[in-house]
Amino acid sequence: MSPLAPQTPPAPVALVTGANRGIGREVARQLAGLGHHVLLGSRDLRKGERAAAAIDPGGQRVRAVRLDVSDAASVTAMAERVTRETGRVDVVVNNAAILYDSWARARTADLSEVQQALDTNLFGAWRVTQALLPLLERSPHPRVVNVSSEAGSLASMSGGTPAYSVSKAALNALTRLLAGELRARRVLVHAVCPGWTDTDMGGGGRPVAEGAAGVVWAATLPDDGPTGGFFRDGEPVPW
């Protein structure tokens with residue numbers, strides 16, 4: 001009797017939020033190219049489906065899911081669907097972000113705008129991570145990547161973009177807390193600054209693929225890799 005052939009492990013599953021365009025879409029594309037099954041999160045499902053089809057016309061690797069990270073009910077519905085239909089998540093990339101408020105100053109900021117930024121840029125990532133944590137903890141190689149910005153670095157902060165900067169600084173703090181709490185559960189958690197890239201939010205800058213590569217690097221670190229860091233292009237960024 002011939003020996004049984006070794007079974008191929010299932011492809012890792014990655015959820016990317018805010019992935020119908022820009023860095024999120026490129027992260028989804030790169031992860032799919034590395035063999036992940038990608039759940040492409042988008043507030044507008046039709047836009048998400050178009051983005052997924054552009055990346056993976058055959059629909060074998062990339063699937064759109066409706067997800068508004070600022071809406072707790074939407075996050076819960078997404079997590080229930082993923083649990084029911086996929087049964088696993090190995091990578092969470094919290095990319096969804098809004099409001100690069102270059103026109104604003106902290107001394108006169110519209111606090112309702114600041115609250116909107118926090119609800120997506122901070123609480124959105126928090127909601128999604130909490131909702132998917134039971135699945136992450138079952139994964140053999142769980143990763144959480146929070147797409148941050150050097151605008152949230154206290155070391156270089158000096159004024160301007162108050163809603164965006166405060167929300168990203170808070171996201172960095174959440175990264176540190178989650179990394180410390182989840183270290184014993186083998187979940188690696190990082191914040192990544194993609195740098196100034198040519199997206200709809202930033203405009204100009206380097207190619208989106210270069211910024212996304214640093215996010216993918218953190219999402220695919222080996223099990224003995226670091227946790228709780230703030231990186232750009234694989235190099236530490238001052239907190």
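Predicted model only: the values in this text are computed from it and were never measured. (Residues numbered from 1 in each chain as written. Predicted model: local features only at pLDDT ≥ 70, side-chain atom pairs only at ≥ 80, totals over all residues. Heavy atoms only, no water.)

Draft legend 1. Quick look at the side chain of Ser 153. Residue position: Ser 153 is located in the loop between β5 (143-147) and α5 (162-182). Filtering out sequence-adjacent residues up to four positions away, Ser 153 remains in contact with Phe 230, Pro 238 and Trp 239. (Helix = DSSP H or I, 4+ residues; strand = E, 2+ residues; numbered from the N terminus. Contact = heavy atoms within 4.5 Å.)

Draft legend 2. Focus on the packing of helix α3 (residues 72-85) against helix α4 (residues 111-136). The geometry of α3 relative to α4 is characterised by a closest axis approach of 9 Å and an angle of 20° between their N-to-C directions. Put simply, α3 runs roughly parallel to α4. The interaxial crossing formed by α3 with α4 has right-handed handedness. On the side of α3, the interface is formed by Ala 72, Val 75, Met 78, Ala 79, Val 82 and Thr 83, while α4 contributes Arg 127, Val 128, Ala 131, Leu 132 and Leu 135. Here the contact of α3 with α4 is composed, by residue class, of 9 nonpolar, 1 polar and 1 charged. (Axes fitted to C-alpha atoms, helices over the stretch in contact; angles between N-to-C directions. Parallel < 35°, antiparallel > 145°, perpendicular 65-115°, else oblique. Left-handed = near helix turned anticlockwise from the far one by under 90°. Nonpolar A, V, L, I, M, F, W, Y, C, P; charged D, E, K, R; others polar.)

Draft legend 3. Inspection of the pairing of strand β7 (residues 229-232) at higher detail. Strand direction decides the pairing type here: strand β6 (residues 188-192) and β7, joined by 3 bridges, are parallel. By the bridge assignment for β7, Val 192 is matched with Phe 231. Bridging between β7 and strand β8 (residues 235-236) involves 2 bridges; their strand directions are antiparallel. Following the sheet pairing, Phe 231 is matched in β8 by Pro 236. In this antiparallel pair of consecutive strands, β7 and β8, the connection spans 2 residues, and Asp 233 shows a positive phi of 55°. (Pairing = 2+ DSSP bridges.)

Draft legend 4. Inspection of the layout of surface pockets at higher detail. In this structure, the second largest pocket encloses a volume near 210 Å³. Among the residues forming the lining of the second largest pocket, the class breakdown is 9 nonpolar, 4 polar and 4 charged. (1 Å grid on protein atoms, 1.4 Å probe; cavity = no way out; pocket = protein on both sides within 12 Å on 5 of 7 lines; lining within 4 Å. Points joined across faces, edges and corners; volume = space filled by probe spheres on them.)

Draft legend 5. Spatial organisation of the sheet that holds β7. With mixed pairing, the 8 strands of this open sheet are ordered in space as β3-β2-β1-β4-β5-β6-β7-β8. Two strands in the sheet have a free side with no partner beyond their single neighbour: β3 (62-66) and β8. Bridging between strand β4 (residues 91-94) and β5 involves 4 bridges; their strand directions are parallel. The partner of Val 92 across the bridge, within β5, is Val 144. Packing against the sheet, α3 makes contact with β1 (13-16), β2 (37-42) and β3, and its axis sits at approximately 145° to β3.

Draft legend 6. Geometry of empty space enclosed by the protein. This model, assessed by the stated rule, comprises 1 cavity of 30 Å³ or more. Roughly 40 Å³ of volume is contained in the largest cavity. In terms of lining residues, the largest cavity is bounded by Thr 17, Val 69, Asn 94, Asn 95, Ala 96, Thr 120, Asn 121, Gly 124, Ala 125 and Leu 171. In terms of residues, the lining of the largest cavity owes the most to one element, α4, which gives 4 residues. Taken together, the residues of the lining of the largest cavity break down into 4 nonpolar, 6 polar and no charged.

Draft legend 7. Structural view of the packing of helix α1 (residues 22-33) against helix α6 (residues 208-219). Contact geometry of α1 with α6 gives a least axis separation of 8 Å together with a crossing angle of 60°. Here α6 runs oblique to α1, going by the angle between their axes. With respect to the hand of their crossing, α1 and α6 are arranged in right-handed fashion. Mapping the contact onto sequence places Gly 22, Ile 23, Glu 26, Val 27, Gln 30 and Leu 31 in α1 and Val 208, Ala 209, Ala 212, Ala 213, Val 215, Val 216 and Ala 219 in α6. Classifying every residue of the contact of α1 with α6 by side-chain character gives 10 nonpolar, 2 polar and 1 charged.

Draft legend 8. Highlighting a positive patch on the surface. Judged by side-chain charge, Arg 43, Arg 46, Lys 47 and Arg 50 come together as a positively charged surface patch. Mapped onto the fold, Arg 43 is located in the loop between β2 and α2 (45-55). (Patch = residues over 30% accessible without salt bridge, like charges linked within 9 Å, V, L, I, M, F, W, Y side chains within 5 Å. Areas by Shrake-Rupley, 256 points an atom, 1.4 Å probe, with all protein chains shown as cover. Salt bridge = Lys/Arg side-chain N within 4 Å of Asp/Glu carboxyl O. Lys, Arg positive; Asp, Glu negative; His and termini not counted. Charge placed at Lys NZ, Arg CZ, Asp CG, Glu CD.)

Draft legend 9. Expanded view of the environment of Ala 179. Checked against the element boundaries, Ala 179 lands in helix α5. By relative accessible area, Ala 179 is classed as buried at 1%. Taking the C-alpha atoms as reference points, Ala 179 and Arg 66, 113 residues apart in sequence, are found 27 Å from one another. Ignoring any residue separated from it by four or fewer positions in sequence, one finds Ala 179 in contact with Val 189, Thr 227 and Gly 228. (Buried < 20%, exposed > 50% of the residue type's maximum accessible area, 1.4 Å probe, protein only.)

Draft legend 10. Representation of the nonpolar core. Ranked by size, the top nonpolar core spans 28 residues in total, and within it Leu 15, Leu 67, Met 78, Val 89, Val 128, Leu 132 and Val 189 carry the most contacts. Element by element, the count of residues in this core is highest for α4, at 7 residues. Once residues lying within four places of it in the same chain are set aside, the contact partners of Val 128 are Leu 15, Thr 17, Leu 67, Val 69, Val 75, Met 78, Val 92 and Asn 94. The next biggest cluster of nonpolar side chains, apart from the first, holds 26 residues, and it includes Ile 23, Ala 51, Ala 64 and Val 192. (Core = buried A, V, L, I, M, F, W, Y, C linked by side-chain atoms within 4.5 Å.)

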